[in-house]
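A structural walkthrough
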Amino acid sequence: MELLIASAIGIMTAAGIYLVLRLRTFPVILGISLLTYAVNIFLFTSGRLVVGAPPVLRDDITTYTDPLPQALVLTAIVISFGMTAVVVMIGLGAFLGSDDDHVDDQPDRSDDAPEGTP
Amino acid sequence: MSWYLTLPLVIPFVASIIAYLLRSSPLGAWVSIIGSGLGLIASIALMVVVLDAGVIAGQMGNWPAPFGITLVADLLSAVMVLITAITGFAVAIYALGDITERQAKLGYHALFQILLAGVTGAFLTGDLFNLYVWFEVMLIASFGLLILNGGKEQIDGGVKYVALNLISTILFLTGIGLLYGMTGTLNFADLALKVEEVENQGLLTVVAMMFMVAFGVKAAVFPLFFWLPAAYHTPSFAVSAVFAGLLTKVGVYALIRMFTMVFDHDIGFTHTVLLWVACFTMVIGVLGAAAQSDFRKILSFHIISQIGYMILGLALMTPLALVGAVFYLVHHIIVKANLFLIAGIAKRLTGGTEVYQIGGLYKSAPFLAILFLIPAFSLAGFPPLSGFWAKYIIVKATLDLEMWFVAFIALAVGLMTIYSMTKIWAEAFWKPHPEGIEPELKTLPNKAAQLIPVAGLAVLTIIIGLNPEPFVVFAERTTAQLLDPSPYIAAVLGETP
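A brief report on the enclosed structure follows. Quick caveat: nothing in here was measured; it's all calculated off a predicted structure.

1. Quick notes on the interface of chain A and chain B
Across the boundary between the two partners, chain A contributes 31 residues, which contact 27 residues of chain B. Summing both partners gives a buried area of about 2,400 Å² for chain A against chain B, and 83% of it is carried by carbon and sulfur. Counting the surface chain A buries against chain B, the share from its top three residues, F42, M83 and I90 of chain A, is 24%. Along the contact surface separating chain A from chain B lie 0 salt bridges. Across the contact surface, chain A and chain B share 2 residue pairs in polar contact (both at pLDDT 80 or more). Elements that contribute at least two residues to the side of chain A that touches chain B include exactly α2 (25-45) and α3 (67-98) of chain A. The dominant element in the side of chain A that touches chain B, judged by the number of residues it contributes, is α3 of chain A, at 15 residues. For the side of chain A that touches chain B, the per-class residue count stands at 18 nonpolar, 9 polar and 4 charged.

2. Looking at the packing of helix α13 (residues 295-316) of chain B against helix α14 (residues 319-350) of chain B
To describe two helices that pack against each other, one gives the angle between their axes and the distance between the axes. Residue and element names in this part refer to chain B. Remark: α13 packs on α14, axes separated minimally by 8 Å, with the N-to-C direction vectors making an angle of 175°. When the interaxial angle is binned, α13 and α14 end up roughly antiparallel. For the pair formed by α13 and α14, the contact residues are F295, R296, L299, S300, H302, I303, Q306, Y309, M310, G313, L314 and L316 on the first element and A321, L322, A325, Y328, L329, H332, K336, L339, F340, A343 and A346 on the second. A per-class count over the contact of α13 with α14 returns 16 nonpolar, 5 polar and 2 charged.

3. Quick look at empty space enclosed by the protein
Taken as a whole, this structure holds 5 cavities of 30 Å³ or more when the rule is applied. Lining of the largest cavity is provided by 16 residues; of these, I32, T36, S80 and M83 of chain A together with L166 of chain B occupy positions nearest its centre. Per-element accounting of the lining of the largest cavity gives the leading share, 6 residues, to α3 of chain A. Approximately 120 Å³ is the volume found for the second largest cavity. Lining the second largest cavity are 14 residues, with P8, P12, G39, A85 and L116 of chain B positioned closest to its centre. At the level of secondary structure, the elements contributing two or more residues to the lining of the second largest cavity comprise α1 (2-21), α2 (27-53), α3 (75-98) and α5 (108-124) of chain B.

4. Section: α5 of chain B
Its 17 residues give α5 of chain B an end-to-end C-alpha distance of 24 Å, which sits within 8% of 24 Å, the value for a rise of 1.5 Å per residue. Burial runs high along α5 of chain B: 16 of the 17 residues are buried.

5. A short note on helix α6 (residues 128-147) of chain B
Residue and element names in this part refer to chain B. Between its first and last C-alpha atoms α6 spans 29 Å; for 20 residues at 1.5 Å apiece the expected length is 28 Å, and the two agree. Summarising burial for α6: 16 of the 20 residues are buried, a large majority. For α6, the side-chain oxygen to backbone nitrogen distance between the N-cap and F129 is 2.9 Å, and the N-cap itself is D127.

6. Re the environment of W425 of chain B
All names here are of chain B. Looking at the secondary structure, you find W425 in helix α18 (residues 404-430). A C-alpha to C-alpha distance of 8.3 Å links W425 and A369, two positions 56 residues apart in sequence. Once you skip the residues sitting within four places of it in the chain, W425 turns out to touch Y362, A369, F372, L373 and W430.

7. Some points on unusual backbone geometry
A cis geometry characterises the amide bond from F222 of chain B onward to P223 of chain B, with omega recorded as -5°. Positionally, P223 of chain B belongs in the loop between α9 (201-219) and α10 (227-231). Look at R48 of chain A: it is not a glycine, yet its phi comes out positive at around 70°. Mapped onto the elements, R48 of chain A comes out in the loop between α2 and α3. A relative accessible area of 52% means that R48 of chain A is categorised as exposed. The phi dihedral of M317 of chain B is positive, around 65°, even though this residue is not glycine. Inspection of the secondary structure assignment puts M317 of chain B in the loop between α13 and α14.

Analysis parameters
- Residues numbered from 1 in each chain as written.
- Chains lettered and ligands numbered in written order.
- Predicted model: local features only at pLDDT ≥ 70, side-chain atom pairs only at ≥ 80, totals over all residues.
- Heavy atoms only, no water.
- Contact = heavy atoms within 4.5 Å.
- Buried area = accessible area lost by both parts, 1.4 Å probe.
- Salt bridge = Lys/Arg side-chain N within 4 Å of Asp/Glu carboxyl O.
- Polar contact = N/O pair within 3.5 Å; in protein donor to acceptor, adjacent residues only side chain to side chain.
- Helix = DSSP H or I, 4+ residues; strand = E, 2+ residues; numbered from the N terminus.
- Nonpolar A, V, L, I, M, F, W, Y, C, P; charged D, E, K, R; others polar.
- Axes fitted to C-alpha atoms, helices over the stretch in contact; angles between N-to-C directions.
- Parallel < 35°, antiparallel > 145°, perpendicular 65-115°, else oblique.
- 1 Å grid on protein atoms, 1.4 Å probe; cavity = no way out; pocket = protein on both sides within 12 Å on 5 of 7 lines; lining within 4 Å.
- Points joined across faces, edges and corners; volume = space filled by probe spheres on them.
- Expected span 1.5 Å × (residues − 1).
- Buried < 20%, exposed > 50% of the residue type's maximum accessible area, 1.4 Å probe, protein only.

Here's what the structure looks like:
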């Protein structure tokens, strides 16, 4: 399971970084979302991976999973959800206001415009 | 005891709700002013208590530390909260003359109060994850303020600001995850104790670097500052003043807090990196400013260069250097916010912020010219203004360590600062207006609301400049607390009041 989760985090981070570097608003937003997912899972694993163990104290049970990272992840998910909504609105405003969805200041590069535009 | 800690947070939140409900009426602005005023009183009360007790801590929800969320105020937190309240109060008054009815209707005053709450929370929290939450509160409010009723330019700046800040947040969270995995705690005081027991000190340095990058983006240090000049010259002047004064300083505060209390295990490496970062930040910032001709863009690049001085103080890590960093932090917030407010008045009088296209302010509005000279000279470090003492202490600290080259950079950057201030002075104030406009203060709508906060902040600069001793003594006490965190740890982890 460690391998599975570690590679999931790795793949999502790699894809996220690639998308963020596209420098167009939609890929950047998707990339940031992917990076956030990766970080959320990473935060979750920081309490170590335990299967089938309760997070609260009970009698007759000796293995527990750490509840704190779960609480942290919940907070992080809620915040990143709100953030994504704000970013989508800002990105949409930027695109509608200028017909240009480049994140940097480059003037419209018509040669690369069709490629990679979802 | 914990009321002193929670009031500076609760007041802006309550003010924000009321201001939101009254957003369509002129009362909204007054709610914001009264809220900021009450917040100022609460922060003064906090300051008085902290001056007396040293460190006070409160456990929210009565969960004992390190399990619950802790609010702590040591001298550094208290002074930052106080200075936030002062700036907030000044800008809230200024907003009467700067914020349009449309912006107020869209909820400017509510967002502004939430921003103040976020900044205050970041200064008061004693828990790393809680710091993340306050950062996000602050960021979301600042996104809103940045693009409020904005056109293409505002949104364009907003996109860069948002994207880079989210990347920094992601790094911050990764760092939190690694740190929690290693130590099992996120409470500052508990972390300070637990990091010493970590076996893998190398990984700890990696985490330290992650935090350095994450906070470095917020503090706008080299080479992570690009979002700042892209965004800070676009919003309303009241907004950019509070951004310029406070937002980057939250990053600096977080760096100071983490790199004096938690990550002091490998000073030889981490603080050398900080030293280089500081030097480059100072130089690149001031060179960037020299190349600009927009009032606010020049000032934005100066924020970056001045952040370099604060980081330099932290990087040297001697008591004197930290005194300088703390002094600089306080002085800079007042001066920088004030300069942005003045830029706003200058724009309304002359019709622009491009310094080559405006002018004549000295002849027709000499009072404003004097008000500009005070913070501008203070920023450049002229005696006897506050910036002189801040720079003097930092340069003295580098000379004591015999770092001649660093001292040379610090002084040369000071000289370059004068150059850009002279450019603003010569172009915007001294030369006649190219279109023959004679801008007079009389024509300013809501004159008192704009001039009183500017004058008040200028008077504060002069007070600190003419009578620096109590402030230096205070900074020395603050530094003593930073270098020896045991009272802090005792207050947080010991018996709770």
